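# Examining the three-dimensional arrangement
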Amino acid sequence: VMQRKLEGIKLRENFDSHNIEIFNPIDQPFNEDKQTLPTPIDIFNGDTKAVINSDIFIADLTNEDPGVMMELGIAIMSNTKIIIGINSDIRLKSANKYDIPSYSMNHYVLGGLLKHGYLVYSFDEAILLLKEKLNIK
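Right, let's walk through the structure included here. This one's a predicted model, so the numbers in the text were calculated from it and none came from an experiment.

## Here we look at the nonpolar core
By size, the foremost hydrophobic cluster in this structure holds 16 residues, and its most contacted members are Phe57, Leu61, Leu72, Ile83, Met105 and Leu113. When residues of this core are traced back to their parent elements, those giving at least two are β1 (56-60), α3 (66-77) and α5 (107-116). Of all the elements, α3 adds the most residues to this core, at six residues. Those residues in contact with Leu113 that lie beyond four places of it in its chain are Leu61, Leu72, Ile76, Ile83, Ile84, Gly85, Tyr118 and Leu119.

## Quick word on a nonpolar patch on the surface
Residues Met2, Leu6 and Ile9 make up a contiguous nonpolar surface patch of roughly 300 Å² in combined accessible area. Within the secondary structure layout, Ile9 lies in helix α1 (residues 2-15).

## Notes on the pairing of strand β2 (residues 82-86)
Side-chain positions along a regular strand alternate between the two faces of the sheet. Here β2 lies mainly inside the structure; five of its five residues are buried. Side chains Ile82, Ile84 and Ile86 of β2 all project onto a buried face; the interleaved residues Ile83 and Gly85 project onto the opposite face, where all are buried too. Relative to β2, β1 runs parallel, the two sharing five bridges. Directly across from Phe57, in β2, lies its bridge partner Ile83. This β-α-β element, β1 to α3 to β2, shows right-handed connectivity. Relative to strand β3 (residues 118-120), β2 runs parallel, the two being bridged by three bridges. Across the sheet, Ile84 pairs through a bridge with Tyr118, a residue of β3.

## Describing the environment of Leu130
Inspection of the secondary structure assignment puts Leu130 in helix α6 (residues 123-133). In the structure, Leu130 is positioned 72 residues away from Ile58 in sequence and 9.3 Å away in space, judged by C-alpha atoms. What Leu130 contacts, discounting residues up to four positions off in sequence, is Phe15, Ile56, Ile58, Ile82 and Ile84.

## Some words on the sheet that holds β2
Strands sit in the order β1-β2-β3 across an open sheet of three strands; the sheet is parallel. Strands at the two margins of the open sheet, each flanked by one partner only, are β1 and β3. Ignoring strand direction, the axes of neighbouring strands in this sheet form an average angle of 20 degrees. Packed onto the sheet, α3 meets β1 and β2 and runs at close to 155 degrees relative to β1.

Definitions and limits used
Residues numbered from 1 in each chain as written. Predicted model: local features only at pLDDT ≥ 70, side-chain atom pairs only at ≥ 80, totals over all residues. Heavy atoms only, no water. Core = buried A, V, L, I, M, F, W, Y, C linked by side-chain atoms within 4.5 Å. Buried < 20%, exposed > 50% of the residue type's maximum accessible area, 1.4 Å probe, protein only. Helix = DSSP H or I, 4+ residues; strand = E, 2+ residues; numbered from the N terminus. Contact = heavy atoms within 4.5 Å. Patch = residues over 30% accessible without salt bridge, like charges linked within 9 Å, V, L, I, M, F, W, Y side chains within 5 Å. Areas by Shrake-Rupley, 256 points an atom, 1.4 Å probe, with all protein chains shown as cover. Salt bridge = Lys/Arg side-chain N within 4 Å of Asp/Glu carboxyl O. Pairing = 2+ DSSP bridges. Right-handed = clockwise from strand over helix to strand, strands pointing away. Axes fitted to C-alpha atoms, helices over the stretch in contact; angles between N-to-C directions.

Written as structure tokens, this is what we have:
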């Protein structure tokens, strides 16, 4: 939770002055009262609407979270203009340096990402790539 909140802060610091509206699912308001928490359908509808209406989609794919994978598929099928996947697992860059690779991404997910977007290895790298794609100095 803290990591996602920090990433939201970094995005706002870098892009608020460029009229880019940021949707960070972790920042969505909800009441702590267990009787009024959003239902799974509410969460699905809200996040799906946000993904479909986005021009830019950035996702942390490091742990291959099933919800994030669904959102990635929705972003691809919605023809999102810029899709950036982050995999910050340090084993990914060194996996092929060993006789038995120590880590790899699901190739279906990786293929979809590379066909429709970009893979980076850190959130800071994602910000730099996004600035490049948006011609922001």
